[in-house]
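Reading the structure
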Amino acid sequence: MSRQTKLHSGTACKGKRAGSTFLFYLLLAGVVIVSVFPFVFMILASFKTTVEIQNPSRFLNFTFITSNYTEVFERFSFAKPIWNSFYVAFMTTVISLVIALPAAYAISKFKMHRMSAGILVTRMIPGICFLLPWFKIFSAMGLTDTYTSLILSYMLVAVPFIIWIMVPHFENLPQDLEQAAMIDGCSQNMIFVRIMLPLSVPGIITAALMSFINAWNNFLFALALSGYQTKTLPMAVYNFIGYAKISWGPLMAAATIITGPIVLLSLIMQKYVVSGMTAGAVKG
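Before going into details, it helps to say that this report is about the structure given with it. (Residues numbered from 1 in each chain as written. Predicted model: local features only at pLDDT ≥ 70, side-chain atom pairs only at ≥ 80, totals over all residues. Heavy atoms only, no water.)

**Observations concerning the environment of L265**
- Within the element layout of this structure, L265 appears in helix α13 (residues 248-268).
- Separated by 52 residues in the primary sequence, L265 and I213 place their C-alpha atoms 9.7 Å from one another.
- Beyond its immediate chain neighbours, meaning those up to four positions away, L265 contacts L209 and F212. (Helix = DSSP H or I, 4+ residues; strand = E, 2+ residues; numbered from the N terminus. Contact = heavy atoms within 4.5 Å.)

**What about empty space enclosed by the protein?**
- Tallied over the full model, the rule gives one cavity of 30 Å³ or more.
- Quantified by volume, the largest cavity comes out at close to 40 Å³.
- Lining the largest cavity are I107, S116, I119, L120, I163, W164 and V167.
- Looking at the lining of the largest cavity, the elements with two or more residues in it are α5 (113-124) and α7 (147-172). (1 Å grid on protein atoms, 1.4 Å probe; cavity = no way out; pocket = protein on both sides within 12 Å on 5 of 7 lines; lining within 4 Å. Points joined across faces, edges and corners; volume = space filled by probe spheres on them.)

**Things to note about the layout of surface pockets**
- Volume-wise, the largest pocket comes out at about 200 Å³.
- Taken together, 14 residues form the lining of the largest pocket, with R123, L156, V157, A158 and F161 sitting closest to its centre.
- For the lining of the largest pocket, the elements supplying multiple residues, two or more each, are α5, α7 and α10 (201-217).
- If one sorts the elements of the lining of the largest pocket by residue count, α7 sits on top with five residues.
- When the residues that make up the lining of the largest pocket are grouped by side-chain class, the tally is nine nonpolar, four polar and one charged.
- As a volume, the second largest pocket reaches approximately 170 Å³. (Nonpolar A, V, L, I, M, F, W, Y, C, P; charged D, E, K, R; others polar.)

**Describing the packing of helix α3 (residues 67-74) against α13**
- Interhelical geometry of α3 versus α13 gives an angle of 80° and a closest axis separation of 8 Å. Comparing the axis directions of α3 and α13 gives the class roughly perpendicular. Each of N68, Y69, E71, V72 and F73 in α3 lies in contact with α13, whose residues at this interface are G249, P250, A253, A254, T256 and I257.
- Here the residues of the contact of α3 with α13 are counted per class, giving seven nonpolar, three polar and one charged. (Axes fitted to C-alpha atoms, helices over the stretch in contact; angles between N-to-C directions. Parallel < 35°, antiparallel > 145°, perpendicular 65-115°, else oblique.)

Here it is in structure tokens:
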């Protein structure tokens, strides 16, 4: 092959690589824009009037107002739903971790593959399939419009999810650590609490965050089981949609209030979430 041919071939390869790189970044930019635009629109709309929200030409040129947020708390009494959502999501996450972490450790240690497959199948069943039986049971027990009914309902999703995430993490930990701890006289419970849990912190944070977000945003079970005393944020936002009109300004403000803490929490925990999602992906 002549030198000129080699130079032409090298130039063509560089051109192809440059074209591939350009297409990759173009696609990445498109994905980012599509992902971020709804949040930008929501935040901007929360400071607009309803007329400006419905006018596309006023996307950036609008009158800045804060009355939507004031209306959310004064007219729609948003403080109580915020507390309800936080309490239910927090308790759901804590109780689910207490149940699911030992279960995931036992499944990984004793190689309960059938149990693991059964939990995976449970995760695949849509939550709406449990709604009517759950409602009947809680109605018979007089537990509708209580925190207990909401927490137990959300745990129906959270417990299998946490187990599914944590089993690979425990399987990926070296067994030599357990054997060394047993030689030193540690019981199985001490090994789990003092060795396995600290080494699995990224996975635990990931599972806890995902469980909290699911409980925070859950609408289906709250629609059937919550009431005036236990109304959560998704139900409170639903009240902004009236028969005659939709209060778009307060609705966008309420959506921003709901989304803001979760986005902020996700950004703070991003390092742990990334390591937690990848740590159990490949077994060593």
